[in-house]
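Overview (structure and organization)
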Amino acid sequence: MSDSPQHRLFLERRSYQQRRLVDALRLLPILGLLLWLVPLIWARADDVVPAVSVVSASVFIFAVWVVLIVLGAFMSSRASFGDDPEAQDAAGDARNKGSTWNS
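Presented here is a report on the structure given in the accompanying data block. Per chain, residue numbering runs from 1 following the sequence as it is written. Under the rules for a predicted model, residues below a pLDDT of 70 receive no local features and side-chain atom pairs below 80 are neither given nor counted, while totals for whole chains, interfaces and linings still include all residues. To obtain the side-chain values, all non-hydrogen atoms of the structure were used and water was disregarded.

**Some words on the overall build of the protein chain**
Labels follow the DSSP assignment, with helices taken as runs of H or I lasting at least four residues and strands as runs of E lasting at least two, numbered in each case from the N terminus. The helix and strand tally for the protein chain stands at three helices and zero strands. In the protein chain, the succession of helices and strands from N to C terminus is α-α-α. For every residue, the accessible area (1.4 Å probe, protein chains only) is compared with the maximum for its type, and the residue is labelled buried under 20%, exposed over 50%, or partly exposed between those bounds. Residues counted as buried form 13% of the 103 residues belonging to the protein chain. What sets the accessible areas is the Shrake-Rupley method with a 1.4 Å probe; for residues, cover comes only from the shown protein chains. Approximately 8,800 Å² of the protein chain is accessible, and the part contributed by carbon and sulfur atoms is 65%.

**Observations concerning the pattern of salt bridges**
Basic side-chain nitrogens of Lys or Arg form a salt bridge, by our definition, when they fall within 4 Å of a carboxyl oxygen of Asp or Glu. Across all of its chains, the model carries two salt bridges by this definition. Of the charged contacts, one joins R20 and D23 as a salt bridge, the two residues approaching to 2.8 Å between their closest N and O atoms. Here R20 and its partner D23 are both found in helix α1 (residues 13–36), three residues apart, which amounts to about one turn of the helix. Its salt-bridge partner being D23, residue R26 comes within 3.8 Å of it at the nearest N-O pair. Note that R26 and D23 are positioned in helix α1 at a spacing of three residues, about one turn of the helix. For R26, a relative accessible area of 59% corresponds to the exposed category. Each of R20, D23 and R26 takes part in salt bridges that share partners, so that together they form one network.

**Some words on a nonpolar patch on the surface**
Taken together, the side chains of L27, I30, L33, L34, L37, L40 and I41 make up a nonpolar region of the molecular surface, amounting to roughly 730 Å² of accessible area. Along the chain, I30 falls in helix α1. For patches, a residue must show more than 30% relative accessible area and have no salt bridge; joins then use 9 Å for like charges and 5 Å for nonpolar side chains, namely Val, Leu, Ile, Met, Phe, Trp and Tyr.

**Examining α1**
Helix length check: α1 (24 residues) gives 34 Å between terminal C-alpha atoms against 34 Å at 1.5 Å per residue, within 8%. The sharpest bend along α1 measures roughly 35 degrees and falls at L27, with the proline P29 sitting one to four residues further on. Along α1, the positions that sit buried rather than exposed are S15, Q18, L25, L28 and G32. For α1, the secondary structure elements touched by its buried residues are α2 (54–79). Each residue after the first adds 1.5 Å to the expected span of a helix. To get the bend at any residue, fit one axis to the seven residues that end at it and another to the seven that begin at it, then take the angle between the two axes. For this analysis, residues touch if any pair of their heavy atoms sits within 4.5 Å.

**Describing the environment of I61**
Relative to the assigned elements, I61 resides in helix α2. Sequence separation between I61 and G32 is 29 residues, and the spatial gap between their C-alpha atoms is 9.5 Å. Leaving out residues up to four positions away in the same chain, I61 has contacts with W36 and P39.

Quick look at the structure:
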């Protein structure tokens, strides 16, 4: 019944994009962890391929760290959490529930 074309939920473009951006922000730490594990799978000294130095691995780890910080700051500024009406309603309800001064 609710799957019919007439009853489909329409999401505004801005709201949809903000939700996908928040989803991407939630996945950012997982991406960072996976990228930080990359030096562990690089070739070792006993392999045929020459080993990567500790300096190169350290530079890679710090470069990933900086990229994650910049990407997270950029994405969170684009998310503009204050513009989401649902978040504002939920925050207002939470404030009103905990307040003893409501008349």
